[in-house]
Amino acid sequence: MGKKKREILAITAVLLIAASAGLLFLLNRSKGMALARQEAALELLGTDAICIGDEVIKPVQADAEIKNRIYTVNPGEPGIVRITDMEQSVIFLPDDAVSAEITVFSGEETVFSGSEDDFRSFYPENGRYRLGVQCRVQPTAVTSKGEEFTFEGTEEYIAELEYDVSMKISFESDRIREGSVMTVNASGVRGEVVISAGEVLAPFPLVTDERGYGRGLFSVSYITPPGTYTGFIETREGTSEFSFTIEEEQYTVQHLIISEETQSATIGNSDNRDAYNEMIDKTYYSWYPERFYDDCFTLPVDGEVTTEFGLFRYTNDNPVPTRHAGVDLAEDEGTPVLAAASGYVIAAGYNGVSGNTVVIDHGFGVRTYYFHMAELCVREGEFVEEGIEIGKVGATGYATGPHLHFNLMVHDNSVDPWAAFNGTSGIFGLDLNSSSLP
Ligand SMILES: [Zn+2]
């Protein structure tokens, strides 16, 4: 072997040793980094918690897969959750949650399974349940060297779940003016809840949602005398009573002369009265549980007020007055009559008393009536938007000249329409958002 060859070999050997040392160093370094990652991940595993009502629950187990190895920690014990109000029955997941599967058991039976969003509408009977939450998480950990990385994991939460939700009901006030409306709100409703007040208000059910919140409108007619009355709340557990006071409202007086001819041709004729009753009575007791109206009502005809709402009318010097259930708005024959609010047309046709008539159901027991029109532009069953033309001003039926008789009813009571036009009516007090209910 020549001198030169030996030198080359020696250099190669040195280089090889140097290279392998470098490789070893790199290997150790990456092993060290993997270790730092595992440590950082393990430190983070199981630090999450879910919240239900006032309870904070740690996972009973948390797993993560890092570099093909599964790491597990058991940070917490099963929790105990008592729910007395459906607002508490909401699951808040950790910030790093990607998805969750919620399961509720009653004994061995699965009574709920779904996402945390679905869980919001889970409203079981009162009693004890078991809750399981499987949560997929993507936490971001930081190693001791300040290196950030994200990994995947699962967390399992277990809790005993006790529902003890009782019904609470609240009336806007225990005082109400003649011809007005107030809201009724309830929570913890199970089954149907029916409100009534004898002669003052026919029975009507609260509109209940899937979380047990109930809403309704309590109305008092313009003709019910002031005084203190008893109301009834009927539930599947039984009937309870409440007391309310009707306060007096001031109404105007009118003296009117109407020819015998007009009277006998319209309201004086029993066939006409029967036809009127047949068309109108059926509109009183069924209604849509949705609210189609919002804000203020649109004035259907911007005409002169010739007869006020609630007015005492003495016709042809008869000593017993009749009362005016709506408002008369005089306008030229043929002027468009607009829908005061959106809703379904539940009656559209002619009878000898109210002439060409339209009735619109706006939901929640709120209805509007349009009488004496020259012609109709809508049909029964149609949905109409607020402000569209439903007919034309006329003088059909019991009318002395072209005008629109407009009437607002809530359940079986006629109430002040002006309060609907200026937005102050109790019908606008309905809150369809659960969180503000009792
Ligand atoms: Zn009228």
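This one's a predicted model, so the numbers in the text were calculated from it and none came from an experiment.

Colleague: Sorry if this is basic, but what is going on with the domain arrangement of the protein chain here?
Modeller: Note on interface size: it is often stated as the accessible area lost on association of the parts. As assigned here, the protein chain comprises domain 1 (43–163), domain 2 (168–247) and domain 3 (253–429). The gap between the C-alpha centroids of domain 2 and domain 3 is 25 Å. At the junction of the two partners, domain 2 supplies 16 residues and domain 3 supplies 20 residues. Only strand S15 (181–187), strand S17 (201–205) and strand S19 (214–219) provide two or more residues apiece to the side of domain 2 that touches domain 3. When its residues are assigned to classes, the side of domain 2 that touches domain 3 shows ten nonpolar, five polar and one charged.

Colleague: I would appreciate a short explanation of unusual backbone geometry in the present structure.
Modeller: Trans is the prevailing form of peptide bonds, just as negative phi is the prevailing case for residues other than glycine. The backbone phi angle of Asp-295 is positive, close to 45 degrees, even though this residue is not glycine. Within the fold, Asp-295 resides in the loop between helix H4 (270–281) and strand S23 (304–307). Judged by the 9 C-beta atoms lying within 10 Å of it, Asp-295 falls in the exposed class. Positioned with a positive phi, His-372 is a non-glycine residue whose angle comes to about 70 degrees. Tracing the backbone through its elements, the reader meets His-372 in strand S30 (residues 366–373).

Colleague: Even after reading the chapter, I still don't get the confidence of the model for the protein chain, so can you show me in this structure?
Modeller: Any residue range with low pLDDT should be treated as having predicted coordinates unsuitable for detailed reading. Averaged over every residue, the pLDDT of the protein chain is 90; residues scoring 70 or more account for 91%. In the predicted structure, residues 23–27 sits below a pLDDT of 50 and forms zero contacts with residues beyond four places in sequence or in another chain.

Colleague: Any chance you could explain the sheet that holds strand S14 (residues 175–177) here in plain terms?
Modeller: Sheet strands pair via backbone hydrogen bonds, and the direction of the pair is either parallel or antiparallel. If you trace the five strands from one edge of the open sheet to the other, you get S14-S21-S20-S16-S17, paired in mixed fashion. Each edge of the open sheet is held by one strand with a lone partner, namely S14 and S17. Averaged over all pairs of adjacent strands, the angle between their axes in this sheet comes to 25 degrees, without regard to strand direction. Where S14 meets strand S21 (residues 238–247), three bridges bridge the pair, whose relative direction is parallel.

Rules and cut-offs
The residue count restarts for each chain, going from 1 along the sequence in the order it is written. It should be noted that, the model being predicted, local features are given only for residues of pLDDT at least 70 and side-chain atom pairs only at 80 or more, the latter also being counted only at that level, while totals for whole chains, interfaces and linings use all residues. In this document the domain limits rely on a domain assignment from an automatic tool or a database. In this description, a residue-residue contact is defined by the distance between C-beta atoms placed from the backbone, which must lie within 7 Å. Each helix corresponds to a stretch of at least 4 residues labelled H or I by DSSP, and each strand to a stretch of at least 2 residues labelled E; elements are numbered beginning at the N terminus. In this count, Pro and Cys sit with the nonpolar residues alongside Ala, Val, Leu, Ile, Met, Phe, Trp and Tyr, while Asp, Glu, Lys and Arg are called charged and the others, Gly among them, polar. Three exposure classes are used, all based on how many other C-beta atoms lie within 10 Å of a residue's own C-beta (placed from the backbone): buried at 20 or more, exposed at 12 or fewer, and partly exposed between those limits. For every residue, the predictor assigns a confidence score, pLDDT, that lies between 0 and 100. By this definition, two strands are paired if DSSP reports at least two bridges between them. What counts as an axis is a line fitted to C-alpha atoms, over the stretch in contact for a helix, and the angles between N-to-C directions run from 0 to 180 degrees.

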